[in-house]
Amino acid sequence: MATMTAAQRREQARAEYDAFIRDCPTNHLLGRLSDKWVSLVVAALSTGPMRYSDLGRKIAGVSPKMLTQTLRTLERDGILSRTVTPAVPVRVDYELTPLGRSLALLLTAVKDWAETHFDEVRAARERYDTETPAG
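To keep things clear, this report deals only with the structure shown in the data block. Note that the coordinates shown come from a computational prediction; the quantities given were computed from them, not determined experimentally. (Residues numbered from 1 in each chain as written. Predicted model: local features only at pLDDT ≥ 70, side-chain atom pairs only at ≥ 80, totals over all residues. Heavy atoms only, no water.)

## Let's talk about the layout of surface pockets
- As a volume, the largest pocket reaches approximately 190 Å³.
- Around the largest pocket sit Ser34, Lys36, Ser39, Leu40, Leu107, Val110, Lys111, Ala114 and Glu115, which together line it.
- Elements that contribute at least two residues to the lining of the largest pocket include exactly helix H3 (36–45) and helix H6 (98–131).
- A per-element tally of the lining of the largest pocket places H6 first, with five residues. (1 Å grid on protein atoms, 1.4 Å probe; cavity = no way out; pocket = protein on both sides within 12 Å on 5 of 7 lines; lining within 4 Å. Points joined across faces, edges and corners; volume = space filled by probe spheres on them. Helix = DSSP H or I, 4+ residues; strand = E, 2+ residues; numbered from the N terminus.)

Okay, structure coming up:
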């Protein structure tokens, strides 16, 4: 059996990613990307850079703690970049990276789908709730 180089091992592992496997890194990434706050932050930033306070106002219901946590996670994952401009007070802007812009295409499509089809989903829920016996 031939010995594989580190690069060959990495390529083989990449080719074998399977998000259906619980411990696969892509499974964990999908879990992160399917978070509501991630979707809303990425969708908000899809229109261009925004300051922290603007994001907080745009995304109704997000707590400062959750917004900060989501932004840090997305920065760590390479989805957005953070730019600090020295001023009084300090100005912090967030912007999608090229990787983030490719993700934004998908997440904004899901957001748009939800906004377009919610009446149909609500009607389906009501039908289900009236037709399905409790218990």
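## Some remarks on the side chain of Asp93
- Residue position: Asp93 is located in strand S3 (residues 91–96).
- A polar contact of 2.8 Å, which involves the side chain of Asp93, links it to the side chain of Arg91.
- The residues touching Asp93, leaving out its near neighbours within four places in the chain, are Met50, Arg51, Ser81, Arg82, Thr83 and Thr85. (Polar contact = N/O pair within 3.5 Å; in protein donor to acceptor, adjacent residues only side chain to side chain. Contact = heavy atoms within 4.5 Å.)

## Focus on the sheet that holds strand S1 (residues 50–51)
- In spatial order, the strands read S1-S3-S2; together these three strands make up an open sheet with antiparallel pairing. With one partner strand each, in any of the chains shown, S1 and strand S2 (80–85) form the two edges of the open sheet. (Pairing = 2+ DSSP bridges.)

## What about the pairing of S3?
- With two bridges connecting them, S1 and S3 associate as antiparallel partners. Within the sheet, the bridge partner assigned to Arg51 lies in S3 and is Asp93.
- Bridging between S2 and S3 involves six bridges; their strand directions are antiparallel. Its bridge partner lying in S3, Thr85 is registered against Arg91.
- The loop that links S2 with its antiparallel partner S3 comprises five residues.

## Quick look at the nonpolar core
- Core analysis: the largest hydrophobic core is formed by 22 residues, its most contacted members being Val41, Val42, Leu45, Leu55 and Leu80.
- Elements with a minimum of two residues in this core: H3, helix H5 (64–76), S3 and H6.
- Broken down by element, the residue count for this core peaks at six residues, all from H3. (Core = buried A, V, L, I, M, F, W, Y, C linked by side-chain atoms within 4.5 Å. Buried < 20%, exposed > 50% of the residue type's maximum accessible area, 1.4 Å probe, protein only.)

## Some remarks on the packing of H3 against H5
- Where H3 contacts H5, the two axes come as close as 10 Å, and the packing angle between them is 75 degrees. Judged by the inter-axis angle, H3 sits roughly perpendicular to H5. Taking contact as the criterion, the partners of Trp37, Val38, Val41 and Val42 in H3 are, on H5, Met66, Leu67, Thr70, Leu71 and Leu74.
- Of the residues contributing to the contact of H3 with H5, the split by class is eight nonpolar, one polar and no charged. (Axes fitted to C-alpha atoms, helices over the stretch in contact; angles between N-to-C directions. Parallel < 35°, antiparallel > 145°, perpendicular 65-115°, else oblique. Nonpolar A, V, L, I, M, F, W, Y, C, P; charged D, E, K, R; others polar.)

## Some points on the packing of aromatic side chains
- Taken as a whole and judged by the stated rule, the model has zero aromatic pairs.
- Residue placement shows Lys36 over the ring face of Trp37; its charged tip is 4.3 Å from the ring centre. (Phe/Tyr/Trp six-rings, centres within 6.5 Å; stacked < 30°, edge-to-face > 60°. Lys NZ or Arg CZ within 6 Å of the ring centre and 35° of its normal.)

## Overview of the environment of Gly56
- In this fold, Gly56 is placed in helix H4 (residues 52–58).
- Residues Gly56 and Val41, 15 residues apart in the sequence, show an inter-C-alpha distance of 9.4 Å.
- Leaving out residues up to four positions away in the same chain, Gly56 has contacts with Val62 and Leu67.

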